[in-house]
Amino acid sequence: MSKYTHDYELDNGQWVEVEYEYDPGEPMIHTYPNGDPGHPGSAPSVNIYAAYAEVKDKNGLLVSVNIWPYLCLDDQADIEEKLYNQHEE
């Protein structure tokens, strides 16, 4: 697996920096050339760790906050789909 970051704009115009791992998966192998049985393979996967947004604290200073747990499921699914598509290209 490889670790990446990707900047993504939410529907409200807020930019977030997404930290994630991408695993391209493995194709199925029915039988190895020596006759040994193969394996079923695996699908690609994305594991998102954080989505950092810059917000102002109570003193008006910009701080980076992980908002991934607070994003709605639709936003999370949209981000995951875009990351998959980015790696498929």
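Residues numbered from 1 in each chain as written. Predicted model: local features only at pLDDT ≥ 70, side-chain atom pairs only at ≥ 80, totals over all residues. Heavy atoms only, no water.

1. Considerations on the environment of Pro24
The criterion, for reference: Strands are runs of DSSP state E lasting at least two residues, helices are runs of H or I lasting at least four, and both sets are numbered from the N terminus onward. Each residue is placed in one exposure class: buried if its accessible area under a 1.4 Å probe, protein chains only, is under 20% of its type's maximum, exposed if it is over 50%, and partly exposed if it falls in between.
Within the secondary structure, Pro24 sits in the loop between strand E2 (15–23) and strand E3 (29–31). With relative accessibility at 54%, the residue Pro24 sits in the exposed group. Along the backbone, Pro24 and Asp11 are 13 residues apart, and their C-alpha atoms lie at a distance of 28 Å.

2. Things to note about the nonpolar core
Note the cut-off: The criterion is simple. A nonpolar core is a set of buried Ala, Val, Leu, Ile, Met, Phe, Trp, Tyr and Cys residues joined through side-chain atoms within 4.5 Å. Should any heavy atoms of two residues lie within 4.5 Å, those residues are considered in contact.
In this structure, Val16, Val18, Ile48 and Ile79 are the most contacted members of the largest nonpolar core, which totals 15 residues. Contributions of two or more residues to this core are made by E2, strand E5 (45–56) and helix H1 (73–88). Not counting the four nearest positions on each side in its chain, Val16 is found in contact with His6, Asp7, Tyr8, Leu10, Ala51, Tyr52, Ala53 and Ile67.

3. As for the sheet that holds strand E1 (residues 2–9)
Put simply, the test is: Here a strand pair is declared whenever DSSP counts at least two bridges between the two strands. Every axis corresponds to a line fitted to the C-alpha atoms, with the helix fit spanning only the stretch in contact, and the corresponding angles, defined between N-to-C directions, vary from 0 to 180 degrees.
The 4 strands lie next to each other as E1-E2-E5-E6, forming an open sheet whose pairing is antiparallel. Since the sheet does not close on itself, it has two edges, and those belong to E1 and strand E6 (62–66), each with one partner. The mean inter-strand angle of the sheet, taken between neighbouring strand axes irrespective of direction, is 25 degrees. In this structure, E5 lies alongside E6, joined through 5 bridges in antiparallel fashion. Bridge assignment links Lys56 to a residue of E6, and that residue is Leu62. Relative to the sheet, H1 contacts E1, E2 and E5, its axis offset from that of E2 by approximately 55 degrees.

4. Observations regarding the pairing of E5
Relative to E5, E2 runs antiparallel, the two being bridged by 7 bridges. Note on E5: the bridge partner recorded for Asp23 is Ser45.

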